[in-house]
Amino acid sequence: MSTSLAPASSALDPSRVDGRKPGGERRATQVRGGALLAAGALAALVAGACGGRVVVDGFEPPPDGSGGSSGSWSSGDTASSAPQGSSGAGLGGSIGEGGAPPIPPLVKEEHDNVDIDGAVPVTIQPGTLGFTAVAEIMASSPSFEPIGIESIRGPDGRLLAADYTIPGTMAAFFNQGIGAAAVPQTGADASAPLAPGVYWIKLGNGGVGPLVEPVRLSVWHRRTLDGRFHGGKIDINAFIAGEAVSEQYMRRALLAAYEGYVGLGVGSINVRHLGSEWEFIDDELLPGLLEQTAGAPGRPALNVIAVTAFGGSIVQASGVTPAVPSVAVEHGTHLSGIVVTLYEEPSVDSFILRHELGHLAGLFHTTEFDADFGDPLDDTEQCSNMRSRRERCPDFGNLMFPTGGDFSGTMTPQQTAVVRASALYRGIVEQGGGAAVPLPADADTPASGAPIAPPTPGEGARSFAPDRLASTAALPPHAAALLAGHFCGQSAARGADFDELLRAAGADADRLLAVGRDPGAPAYVRARALTAAGRAATRSSASASTRVIAELQALAADPRLPRRARLGAVEGVAAASPAAARALAARLTADADGVVERMATRAAAR
């Protein structure tokens, strides 16, 4: 799909990033209650100017600064020449085979105290695959004030982004305290290497008023010796909230999803555990959850946070990425990673992880639920009416189809180029070379030395046909595909309502209860069906609603059901009746499954 990049009247209003008009009192509880963090796109590379050029990704610059272009080297952000963990603990694959790279694969150029009323010149050198810009409000703690990339202009004068968006993508290149954008994200710029020359990037805060804190612009550029992709390693920091998933399964799922992804390998996998208070995440809690990545080891490194369930506007989601793109070069910010719930269904979980990583790297949905929007790539097909065609859409098998499609996860050359151009991984700059060495872990970050089992051959790559599930055979095909598919937080943030989509597809409370009772259905499908049944009960007659709630309460209390199915029933009760949720929580006090008890208590308190 080709898109003309010019100022768009459809751009989202940055002044409403926290859900309120500008000028109101900004208490933390109000700000955190805002909408899901916005999406982002496009960026640049600055020549000279006020900051210094900083090399990460394991390259030690020469003392005189040769080997980099204009700007000064900052020794405080230069990678160590030793691999993380001298014992090898935490390493998920070989690192540095072929020797150290002769040039830095990933370079950071930093500009402090940027004037948001002016544009910063950005020089792209030959051999650059892509670049990412990060605008950040410099405060003592993560800020909730809006900041973002207002526009980017290429060396030929063409606007690559305008009014905080790429028209037709539903992108909004601003966020809470930090905004990111990347080049390439459109078909016109998806070839490698990028056209060299001076790009111009302008920051903004949507005109909400004068900035109280200074703004820093960090521009990261991905390069190789010849401007071609030669591979690299993705380092991963895995965060597990409470008992969301076992560490062993988390490691296996990450390896299955990312080993070989767009030609990259998995480097280190370091695991941290978060408290049970983070098991359930809604749009209000999401920014605080992402802040928990502060102090994570390595840069660049992908933060993956596993939670038990999502709620609020992102209920029924299986993955949330705060912006398109988000960042893998800073930890502890409101864009620092992806958040997923893993179902212990390997093919489904691999798709969720790859899809959300696609967003973090800069990929949009090929098609949105709103037929007027889709990605700006030339080689991706787009569905003319996804709400009615769904599994008949030409992009149904694409990785970035918003419902997961058939889970085959195909990618086009331009989609692959966008991910390879991102600041996601430690790169290799020449054929047969080695990946750069990561920055060392923070002193208080222990490496996890648990062995990582290799993925089963083909695990995560199997095609999965949701409309053929026996448990959903009585449902219309669209409803079956929704229940078994991936519902992305990006869709929810843009107004798609999972339960409304199910209702439009012909799923009523009784059919959904039947799926929830079916022991042959995957646990996550049963959970979704039971949550949706409770929501459907609110539109039923009083007698029907009472009957549905009673059955959901019985299922939630049944220890024979899989945990995830019980949790779906808990959410269904809470959606149907707060009073019934309180009664259920009392009934589940001291339940043998502590996760079910905690989630029931939390649901009753909402």
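What you are looking at is a predicted structure, and each value in this text was computed from that prediction instead of being measured.

> An account of the confidence of the model for the protein is requested, with residue identities and associated values reported.
Of the residues in the protein, 77% have a pLDDT of 70 or more, and the chain-wide mean is 80. Contacts for the low-pLDDT stretch residues 1–52, under 50 throughout, to residues beyond four places or in other chains number 183 contacts. The low-confidence segment residues 60–98 (pLDDT under 50) makes 89 contacts with residues lying over four places distant or belonging to another chain.

> Account for the environment of Ala180, naming residues and giving values.
Structurally, Ala180 is set in strand S8 (residues 178–183). Residues Ala180 and Thr132, spaced 48 residues apart in sequence, show a C-alpha to C-alpha distance of 7.1 Å.

> Give a description of helix H7 (residues 477–484) that names residues and reports values.
Within H7, seven of the eight residues are buried, leaving the element largely enclosed by the surrounding structure. Taken together, the buried positions of H7 are His478, Ala479, Ala480, Ala481, Leu482, Leu483 and Ala484.

> Give a detailed account of unusual backbone geometry, specifying residues and quantitative values.
Following Val183, the chain continues to Pro184 via a peptide bond in cis, the omega torsion being 10°. Considering the arrangement of structural elements, one finds Pro184 in the loop between S8 and strand S9 (197–204). In this model, Val324 is joined to Pro325 through a cis peptide bond whose omega is 5°. Assignment of secondary structure puts Pro325 in the loop between strand S16 (319–320) and strand S17 (338–340). For Ala590, which is not glycine, the phi torsion reads 70° and is therefore positive. Examined against the element boundaries, Ala590 turns out to sit in the loop between helix H14 (578–587) and helix H15 (594–605). We classify Ala590 as exposed; its relative accessible area is 65%.

> Would you mind going over the pattern of salt bridges in detail, with residue names and values included?
Side-chain pairing between opposite charges can occur once the charged atoms of the two side chains come close. Using the criterion set out here, one finds 20 salt bridges in the structure. With its nearest N and O atoms 2.6 Å apart, the salt bridge here joins Asp235 to Arg426. Residue Asp235 is located in strand S11 (residues 232–241), and its partner Arg426 is located in strand S18 (residues 426–427); the two are separated by 191 residues in the primary sequence. Since its relative accessible area comes to 0%, Arg426 is described here as buried. In this structure, the salt-bridge partner of Glu551 is Arg517, at a minimum N-O distance of 2.4 Å. With a gap of 34 residues between them, Glu551 in helix H12 (residues 542–556) and Arg517 in helix H10 (residues 509–517) connect regions that are remote in the sequence. What you see here is one network of salt bridges that share partners, running through Glu243, Glu279, Arg563, Asp593 and Arg598.

What counts and what doesn't
- Residues numbered from 1 in each chain as written.
- Predicted model: local features only at pLDDT ≥ 70, side-chain atom pairs only at ≥ 80, totals over all residues.
- Heavy atoms only, no water.
- pLDDT = per-residue confidence, 0-100.
- Contact = heavy atoms within 4.5 Å.
- Helix = DSSP H or I, 4+ residues; strand = E, 2+ residues; numbered from the N terminus.
- Buried < 20%, exposed > 50% of the residue type's maximum accessible area, 1.4 Å probe, protein only.
- Salt bridge = Lys/Arg side-chain N within 4 Å of Asp/Glu carboxyl O.

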